[in-house]
Each structure stands twice: as structure tokens, then as C-alpha cells.
Amino acid sequence: MTVESLTLAKRQEYEQTETGYHAVRWHEPVIYELSRQGFANEVVSEPEEGIRDRVGDVTLHIPDKVRRKAPPDLPQLSEPEIMRHYLRLSQQTFGFDSGISLGLGTCTMKYSPKLNDQLVALPKFSELHPLQPENTIQGILQIMYELGNWLCELSGMDEFSFQPRGGSHGVYANACIMRAYHRSRGDMKRDEVITSAVSHPCNAGCPSAAGFKVIQLFPDKETGDIGVDALKAAVSERTAGLMITTPYDTGVFDSQIGEYIRLVHEVGGLVSLDQANFNGVMTRLRAGDVGADLMHFNLHKTFSTPHGSCGPGTGAIGVKKELKRFLPVPVLEFDGYAYRLNYDFPDSIGKIGSFYGVAMNAVKAYAWIMSLGAEGLRQAAEWAVINNNYLIKKLVAIRGIDIAWPNRRKLQEARFTLKQMREETGVGTSDFNLRVTDYGIQSYFTSHEPVIVPEPVTPEASDSVSRADLDRFVEVFRRVSDEAYKNPEIVKTAPHRSVIHKTDEEPLYDASKTIVTWKAYREKHD
Amino acid sequence: MTNEFVHRFIPNSSPGVREAMLKEIGLENVEQIYEEIPERLRFTGELDIPSWPVAESEVARRIKAAMNKNSTAGEFLSFLGAGCWPHYVPALCTEIIGRSEFLTAYAGSDAADFGRYQAMFEFQSMIGALLDMDLVSAPVYDGATAAGDAMHMASRATGRRQVLIPKTCSPDRLATIRNYCDPWLEIEQVDYDRQTGQINLGDLKDRVSVETAAVYIENPTYLGFIETQCEEIATIVHSKDALLIASVNPLSLGLLAPPGEYGADIACGEGQPLGMHMSFGGATLGILACKDAERFLGIMPSFLTAISTTSVSGEYAFSYHTLPDRMVYSTREKARSYTGTSSWLWGISAAVYLALLGPKGIRTIGEHNMQKAYYAMELLSGIKGVRAPAFAAPHFNEFVVNFDATDTRVSEINQGLFDQGILGGKNLSGEFPDLGQSALYCVTETHDQDGIHRLVEALKNIVD
């Protein structure tokens, strides 16, 4: 059902139904539509006359066959017009700072302190070149080294690297280390990695991309754990390792994780924990203590370096000291006098990306940890689980909303289901998700694939949300549930008060209709 | 238990809230929730992290104190590039990516996060125009990982396993590529002409076969010179139905032919020059694009923002293109490539930068970079024993300087320059022993004439 099928009167009625919010709606054109032939901004001056006179027309050095003939079709508009365009686009983006974003489970949406952004904007950081002599970069290396020590404390690991530029990138790096470890022992038969279906997709995808065959175990219907029996059946002398998220996106802490780790170690495999969902167990669970050999944190999640509209991120990887020699180079070391970037690791997996990763995220995470202190980290984690359990209590009281694995208490987030609502009203989670944004809250995360819980809803209330935010979120869910039962049409034709109406999905699925550039769009529509 | 821990980042930490909320949940204390973690796994020790919160002013003081131990490239006269280049960052780029909505958004729906999706579509459109390519990915991690993605795509498109890479590729980038390609692809390196740096076409012909998935070239190369035989290379590559991957510096594309024009099937590159500070090598943006949208759409592993319509006529929508089995989110245990949170904020910065420059500005800035690089090469080559550029080829904004005839090692030269407040070019003598005592110099619009003269004078004094 779409808005188009509504009468104009109905559409206006729905648009005018008060929700306490209406998004900014600029009908902002695509930047190319604002463009004017011949307009140019002077961003950078010409070189000095003495240079120009001496070198002449340098472009003549470029042979004709590799010289650009027609200028690229870039937009042509003035600085104030560009500013206005992007300012409007930013106003039509719902950041954490814009309002309630606690629907985005697994994302750990939390406040990013402004000081931290400002610190990395200082020239003392922004003008650092990564290849400067070591004696000129002691300050940044000190920060990265001390952050590494703090993360070792929080994880129980021995060494950290910040080279991976996102969570998946970190999991991939760990899969590469796992591969290098077994190869270094000449143990070539280990070609299988075990994961769970409720672990992040990268826990299955990255070992697969690294060449492993991946065995995916499903959670038990009653407990939400994958279970020792399933794991026992999966491990063998071919097991290279276990790559698993803990706690799961379902909020379930797999109570038998200790057993899994023991079983995998028994057959000679390694264990890598994905701790993207660390927020609720911070200071309460250390991957190293429970036996993990490798793990990663997402600095853009738990440690508040902002999400940046989808990066830059950092998947900080931690390993036990036996695996240090496989870390990507350089490894940051301190001899008590100076910090140095050590490349002398012949067994290293080499490089996983450019330079040393997103160094600014290390600075921000360092500032965040310092701002909280150990006690603050403990409190932040406690608030994450209290906020989530408060949310659970309130949401399950709403008609048509149930929680998966109701007999388990959840940690940092929980997975709910609108199965009953769907059956009774026809409103499923995708409709519901579009309608909640009409009330001025961010949409929510449903589920990664495979979708085990039908009509899933996965919010996550981090330490940064207030009780008032939680109450408002719950109130919106209650209102939309009421609508679903009284007038499902208003939900199924949503959004009505968001930036745009319901997206036509065909061009997003049908390859023959997919267009990703303005040029291709014009060619199709002119 | 009364909890009196109040923290500026934690809105609920005001007195009384915890007790009230726990009561609503029906719990005595938070430990009842943590009982979900088996007791023997729970950490109960002390952490060796400073215990107590630090006020904002003190955090600022401490971190600035640490940062002040740095001396930045900006404070020196620096000629370092090699994958991270000094360029002027327009104020508008900083202003717009500092917008809190962009900075703190992540993964909301296309309606709620409309602006960031439109910004990504516009980024893709501008990059497509620059590269002359129709299928453009949202940003990936960096130029090195983009090259790895490109090689996987080529292999999947051709069903072949071999990739040829010129020996002038940076060892660091090659190391990243090797990780990305292991165990799917076999990498072979193609020789280059020692005089011109250009790919040895004879060697290329000998190596390209029906086993070859792709030939990867760089333009400009890591060593700064322009590869001028692109068309010839494309012909050789295509004669065996292999694909050509071109890694480009986007800033050069106002002057240099776009890869889509000289026969590249896939383009990749590092987008840091498009409005990003050096930031210790952290602000990177991987560019990934293809010429033939139909052929590659189903195998591009990264996020794509597609344009659509809505149920109300005249409205644009922008959203993730979600063809099943394209990305790791649905392929999971069958995945061959993966993606995730990457570097969208820099994509916004790059779009703003390109919109500011426009078709004229992208040419002007390229010319400006070349003019200064040529000026520097000319003056440097006037120093006895110094060869600049080391390769007889056109250059963009980087070039190899050879010091063999000066009888002075690059390490000594760079130390001498350092003592005079100058950061010399990256020492290549370890990475490329074949090039002798050589260094990779970078000259951009950020250098002025006086700075270049200072370098020349300093070098004269050192090598004389």
C-alpha cells in the first residue's frame, strides 16, 4: 500500500494528524540541478609568476593520448549556494544529536563529546604526516600507546592495533591472523571457521573472504544460545577457529561461551570475539580472561568516536601475546624512553590498510575513556543495561509487541517481534519502522540476516539516553501500535511527516532499474 | 543502594533515577542483570585505568600537552607525500562535515536520514564524472583496500585467478592487496622500464594470458610519474579478455584522461586529496567504480546509493541498493568480499570539494600542482649530482629524486634537511633498492616559491 493509492483528502488528513513532529522538508534538488554553466570558484590561487614563467605550459608534458579532452561534468555553483545545499541536506539527516536514536540496535548510538572532535581538528594533529620522523610524532604515538594499554586492560588482551578502519575490517584482520597462525605451524588442514547465525554478518563473511569454509550455528529456540552440543558436533581437527559476537545482537549473552572456547582450544583452534556489542559488559567481561585469543572493539560505537554517517570507523583489534608477531605492521612499542613504530615482524600479516588506521579515532577514544575513568566506564555499562531493561519492560506491555527469548534477561539490547501485530493488523516491522519516524524519532534496526525472529525490532538504549527519551520512545511505539490496530492504513502508507514519503523499492532491487549516478539518471530520463 | 555517581555524558546519572528505574523493572540492583554472565566469566578485579572521571578542561589540557610534543609537517617545510598528501582544505569542507547531523548519523532509514543518502548519491555522481564511469560505490576504507575490492570484482567477472601488478606499486599497498587476495588470487608483478618508469609492454604481453583476471596500473604511479601507455596496455589486456584496473589520484583528473576513456574497466584510488587533512594518515577514502554498470552491479561488494522515487510524484528518494547476494550482509558464510562502516564522512567532504572546484577548478588545481612540481624538479636537477626526476616521463605532483651521484645517502640528506626545518621526501632506498639512493618528493599547491628555493639551497649545501 502506498500513499498514491490514498485520496488526496486522506493523504492530507494523515499528513495533518498530529505527531508532535514534522521533519524539515526542503525538496532540495540534486546538486546538478542547481548548477550554472560557466560558474567557477577561486579556491586556490595561481602559482607565483616566477614559477609560471619558468615552467610555461606544463600540460604540454602530458601526451595527447592521456590528456583529458572534455572537462568533467562537476557542478558549477557559488560557495553560498553549496553551503545552503549541504546545510539543508544535513538538516534532513537525523543524527544522534538531532534526537532520539535509540532504535538503532548494534550501533551503540551514544553522545560524542564535542571537545574530542575539536582536539583532532587542531593543526597539532590534523597536519601530521604519517611518515614524519619518529622523534616528531611522540605525542600522537604516546596517545595511541596509552589507549592501547587501556584497551588491553578492558579486554584482558596483550597487544592492540588500530589499523583496521571499521568493525568488519577488524574481523577480517583477525581472520587473516588466524590464517597466518595456522600456516606458521604448517597446519594446513585447518580450513573451517565456526560462527553463529546471530553473530554479525562479518563473523561469517570475513573468514569466508579469507578462504575458510564457514560453519554457521543457529541459536536454540528456548535459550538463544547456540549450545554445547551443536558446537561439539562442529569442531574437529579441521577447525581453524571460532569467530563469534558476544553478547549477541539479540541481547542474549551466550551462557556457554566458556565451554565453546574450551572445546575450540581442545582441538587446536583459535577464538576471536567480536565485541562490537561491548557497551553493556564493559568492565564486566574481559575477552582475554574468558580465553579469547583475538577480539575487536568498535571505537566508533562503544568508545564514542562519532559514526560519521557511516565511518570513518576503527575496528581496534586485540590479541594475546602469542599472536603479537602476526599483527599488521607497524606495531607500536615503547622502550620506557621513546615510542617507536616497529616494522620488524617477519611473520606479520603485513598491511591490512593504509598507514596506522584512523588515528583521530584513537585520540577521541582516549579522550572519552579519560573523561569517564574506570568508574565512569563501569557506570556507563550499567546504565546501558538498566536503560535497556527499562525499555524491555515498557515495550513488551504494548499490544502486538513481544520479545524473543523472553526467559532470558538481556544486556545491551534486545530483539522484539511484531509477529502478532502483523497477524492481527497486517502491519509488519517495515511499515512500523517507517511510521515511527513521523513522530520525530530515528528509525530502528530490524535484524541482520538470516532473520530468525520474524518481524524483528532491535533497539539499543546506550548510556547516553535519558529516562525521558526512553519514555518518549515507548510512547511513540504505543501510539503506532494503537494506529496499527485502529487504522492500519495510516501506518502502511507512512511516512507522512518525514523528509520524504514511502520510497519506491523497485529501483533498489531490480538491477535493470538501478541508477547510482546523476549522469545515468539523466540519460534515462531525457 | 544510593548511587551518587553523576557524569556529564550520562543523562540518567542524576540522583534517584537509578533506584526509580530499577524499581520499574522490578529489580533490586543491576547485578541481577549481570547474572546472565556466568559468574566464573565475570570480571571483578580492578582495572589499571585512572579511576575517576576527568573534567573537560583537564582532558583538553592533557591531550593538548601530549599533542604539543608533536612537530607537524605543517610546522616544517615538508615534501612528504607517498599516499598522504598535503593539500589546502577549503573552509567549507570543514564546516559541512562538522555539521553535527552528518557527524553523528549512522544507519537510519532513507526517509529519516535522507540528507546523507542524497549526499552520497551526489558523491557517486561527481566521482563518476571525474572517472568517466557509471557504476560508482559509496566510499570504501582507503585506496589500498579499494584496489583489493577491484581485483576480487575482476576475478569474479572473468572467473580467473591471476592479477598482474607493476613493480612500481608501493610495497605497503601491495601488502594490503596480498592480504585481500589471499587465497583467491595469484599476484604476479610486471617489470618496468628503468629509464621511464613505464610498464614494460613486452613483459606485460608475455604475462597476460587467458588465466589473467586483471592488470592493475596506477596513474599517476606511486613513484609520481604518469603512465602514458594506458591505451596500449588496455589493448593488450583486452586481447585476452582480461580486465584493466586503474588506480588514480582523483586530483589529477582535471588534466589526465579519465580511466573510463582509456579502456579501464574498473577504477580505484585514494580520495584523501579531495578536501581532507593529512591527520596522520587517517583521513582516507577508497574510491571504487566500474565502466560497465550492468556487468559489475551484482558483484560490487560495497554500499551503493541508488536514486528512486516515492509514492508522491516529484519526490526523489535515495537508498541503499540491496540486490540480494551482493554484499556480506546477505552472503554471510558464502562471502568472498566484505564491507561495513567505512568512510562516508570523507565522501561528503570530497563532494563538497569537487562542487567548489567545478570543472574549471579541478583543472586549475591540477595545473598548479604540476607547475610547482616541475619548477621544483627543474631547480633540483640543477644541483650537481642530483637527478630530478629520476624517470624520464611526465609527472603530476610527486617525483623521484636520485642522489647516487652525490655520494650522499638519503638518510644523511634527510637528516641534514631536518636540521634546517625541512622534511625531505620519503626515503625509497629500502623499498626500491633498484633505484639506488632515491627519495619520493611531493610538491603541491601548499608549497610556495620561497619554500622550494629553501629546499634547493639546503640540498646544495648538504651534497656539496
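In this text the structure is predicted, and so the values were computed from the model without any measurement.

(A) Region of the structure containing the overall build of chain A. Along its length, chain A carries 17 helices and twelve strands. Its C-alpha atoms give chain A a radius of gyration of 26 Å, near enough to 24 Å, the size a compact globule of 526 residues would have. In terms of its C-alpha atoms, chain A occupies a principal-axis envelope of roughly 80 × 75 × 45 Å. The buried share among the 526 residues of chain A stands at 60%. By sequence separation, contacts in chain A at least 24 residues apart represent 73% of the contacts at least 6 residues apart.

(B) Focus on the overall build of chain B. Counting its regular elements, chain B contains 15 helices and 14 strands. Counting only C-alpha atoms, chain B reaches 80 × 55 × 50 Å along its principal axes. Residues classed as buried in chain B amount to 64% of the 464 residues present.

(C) Representation of the domain arrangement of chain A within the structure. What the domain assignment reports for chain A is domain 1 (26-64 + 72-91), domain 2 (157-369) and domain 3 (375-511). Relative to domain 2 of chain A, the C-alpha centre of domain 1 of chain A lies at a distance of 44 Å.

(D) Highlighting the packing of helix H11 (residues 359-395) of chain A against helix H14 (residues 467-486) of chain A. Residue and element names in this part refer to chain A. At a minimum axis separation of 10 Å, H11 and H14 run at an interaxial angle of 25°. Considered as vectors, H11 and H14 are oriented roughly parallel to each other. Seen from above, H11 lies across H14 with right-handed handedness. Residue-level inspection shows Asn387, Tyr390, Leu391, Lys394 and Leu395 of H11 in contact with H14, the latter providing Leu470, Val474 and Phe477.

(E) Quick look at the packing of helix H6 (residues 114-131) of chain B against helix H13 (residues 344-380) of chain B. Residues and elements named next belong to chain B. Contact pair H6 / H13: the axes reach a minimum separation of 9 Å and the direction vectors enclose 60°. If you check the angle between H6 and H13, you find them oblique. Pair H6 / H13 crosses with left-handed handedness. Residue-level contacts link Arg116, Ala119, Met120, Glu122, Phe123 and Met126 of H6 to Trp344, Gly347, Ile348, Ala350, Ala351 and Leu354 of H13.

(F) Structural view of the interface of chain B and chain A. With 181 residues of chain B at the interface, the matching set in chain A holds 184 residues. Considering each element in turn, the side of chain B that touches chain A owes the most residues, 24 residues, to H13 of chain B. Residues belonging to the side of chain B that touches chain A are distributed by class as follows: 94 nonpolar, 53 polar and 34 charged.

(G) Up close: the sheet that holds strand S5 (residues 270-274) of chain A. Residues and elements named next belong to chain A. Read from one edge to the other, the open sheet built from seven strands follows the order S1-S7-S6-S5-S4-S2-S3, with strand pairing classed as mixed. Each of the sheet's edge strands pairs with one partner strand only, and the pair in question is strand S1 (159-161) and strand S3 (213-217). Strand-to-strand twist of the sheet, defined as the mean angle between neighbouring strand axes without regard to direction, takes the value 20°. Examined bridge by bridge, strand S2 (residues 192-196) and S3 share five bridges and lie parallel to one another.

(H) Local environment of the domain arrangement of chain B. Here chain B is described as being made up of domain 1 (1-46), domain 2 (77-86 + 360-463) and domain 3 (91-353). Relative to domain 3 of chain B, the C-alpha centre of domain 1 of chain B lies at a distance of 47 Å.

(I) View of the sheet that holds strand S11 (residues 398-402) of chain B. Residue and element names in this part refer to chain B. With antiparallel pairing, three strands are arranged side by side in an open sheet as S11-S14-S13. Across the chains shown, the open sheet's two edge strands, defined by having one partner strand only, are S11 and strand S13 (426-427). With two bridges connecting them, S13 and strand S14 (residues 438-442) associate as antiparallel partners. Along S14, the bridge assignment pairs Asn427 with Ala439.

(J) Structural context of the nonpolar core. Formed by 339 residues in total, the largest nonpolar core has its most connected members in Ile177 and Val363 of chain A together with Ala214, Val215, Ile245 and Val352 of chain B. Considering every element that reaches this core, the biggest residue donor is H11 of chain A, with 23 residues. Not counting chain neighbours up to four residues away, the residues in contact with Ile177 of chain A comprise Leu294, Val319, Leu323, Phe326 and Ile349 of chain A.

(K) Seen up close, helix H7 (residues 143-158) of chain B. Residues and elements named next belong to chain B. Compared with the 22 Å implied by 1.5 Å per residue over 16 residues, the 23 Å span of H7 between its first and last C-alpha is a close match. Most of H7 is tucked away, with 13 of its 16 residues classed as buried. Once H7 ends, the next one or two residues include Gly159, with phi positive near 70°.

(L) Up close: helix H4 (residues 114-121) of chain A. Considered for burial, the residues of H4 of chain A that qualify are Asn116, Leu119 and Val120 of chain A. Buried residues in H4 of chain A, looked at end-on, bunch into an arc of 90°, giving them a common side. Residues of H4 of chain A that are buried in the fold lie against helix H5 (123-126) and H11 of chain A together with helix H3 (56-67) of chain B.

(M) Inspection of the pairing of strand S6 (residues 243-248) of chain B at higher detail. Residue and element names in this part refer to chain B. For S6, the tally of buried residues reaches six of six residues, placing the bulk of the element in the interior. The two faces of S6 match: Leu243, Ile245 and Ser247 on one face and Leu244, Ala246 and Val248 on the other face are all buried. Two elements, strand S5 (residues 212-219) and S6, share six bridges in a ladder whose sense is parallel. Across the sheet, residue Asn219 finds its bridge partner in S6, namely Val248. In terms of handedness, the path from S5 via helix H10 (residues 230-239) over to S6 forms a crossover that is right-handed. Here four bridges tie S6 to strand S7 (residues 266-270), and the two strands are oriented parallel to one another. By the bridge assignment, Ala246 is partnered in S7 with Ala267.

(N) Expanded view of the environment of Ala306 of chain B. One can find Ala306 of chain B in strand S9 (residues 305-309). You can call Ala306 of chain B buried: it has 26 C-beta atoms within 10 Å. Sequence separation between Ala306 of chain B and Gly263 of chain B is 43 residues, and the spatial gap between their C-alpha atoms is 25 Å. If we skip the residues at most four places from it in the chain, Ala306 of chain B touches Pro507, Leu508, Thr514, Ile515 and Val516 of chain A together with Ser319 and His321 of chain B.

(O) Structural view of unusual backbone geometry. Here the residue pair Thr246 of chain A and Pro247 of chain A is connected by a cis peptide bond, since its omega of -15° sits within 30 degrees of zero. As for its position among the elements, Pro247 of chain A is in the loop between strand S4 (239-245) and helix H10 (257-266). Residues Asp182 of chain B and Pro183 of chain B are joined by a peptide bond in cis, for which omega reads 0°. By secondary structure assignment, the location of Pro183 of chain B is in the loop between helix H8 (171-181) and strand S4 (186-190). Backbone geometry at Ser309 of chain A places phi at a positive 70°, although glycine is not the residue there. Here Ser309 of chain A lies in the loop between strand S6 (294-298) and strand S7 (315-319). The buried category is assigned to Ser309 of chain A, around which 32 C-beta atoms lie within 10 Å.

(P) Spotlight on the confidence of the model for chain B. Looking at chain B as a whole, its pLDDT mean stands at 96, while 99% of the residues score no less than 70. With pTM at 0.98, the complex prediction returns an ipTM value of 0.98.

(Q) Geometry of the environment of Pro495 of chain A. Residue position: Pro495 of chain A is located in the loop between helix H15 (488-492) and helix H16 (506-509). What makes Pro495 of chain A buried here is the crowd of 30 C-beta atoms within 10 Å. As for Pro495 of chain A and Ala180 of chain A, which are separated by 315 residues in sequence, their C-alpha atoms are 50 Å apart. Apart from residues lying up to four places away in sequence, Pro495 of chain A is in contact with Leu434, Arg435, Thr437, Asp438, His501 and Lys502 of chain A together with Ala111 of chain B.

Thresholds applied
Residues numbered from 1 in each chain as written. Chains lettered and ligands numbered in written order. Predicted model: local features only at pLDDT ≥ 70, side-chain atom pairs only at ≥ 80, totals over all residues. Helix = DSSP H or I, 4+ residues; strand = E, 2+ residues; numbered from the N terminus. Rg over C-alpha atoms; globule rule 2.2 N^0.38 Å. Buried ≥ 20, exposed ≤ 12 C-beta atoms within 10 Å, placed from the backbone. Contact = placed C-beta atoms within 7 Å. Domains from an automatic or database assignment. Axes fitted to C-alpha atoms, helices over the stretch in contact; angles between N-to-C directions. Parallel < 35°, antiparallel > 145°, perpendicular 65-115°, else oblique. Left-handed = near helix turned anticlockwise from the far one by under 90°. Nonpolar A, V, L, I, M, F, W, Y, C, P; charged D, E, K, R; others polar. Pairing = 2+ DSSP bridges. Core = buried A, V, L, I, M, F, W, Y, C linked by C-beta atoms within 7 Å. Expected span 1.5 Å × (residues − 1). Arc of directions from axis to C-beta. Right-handed = clockwise from strand over helix to strand, strands pointing away. pLDDT = per-residue confidence, 0-100.

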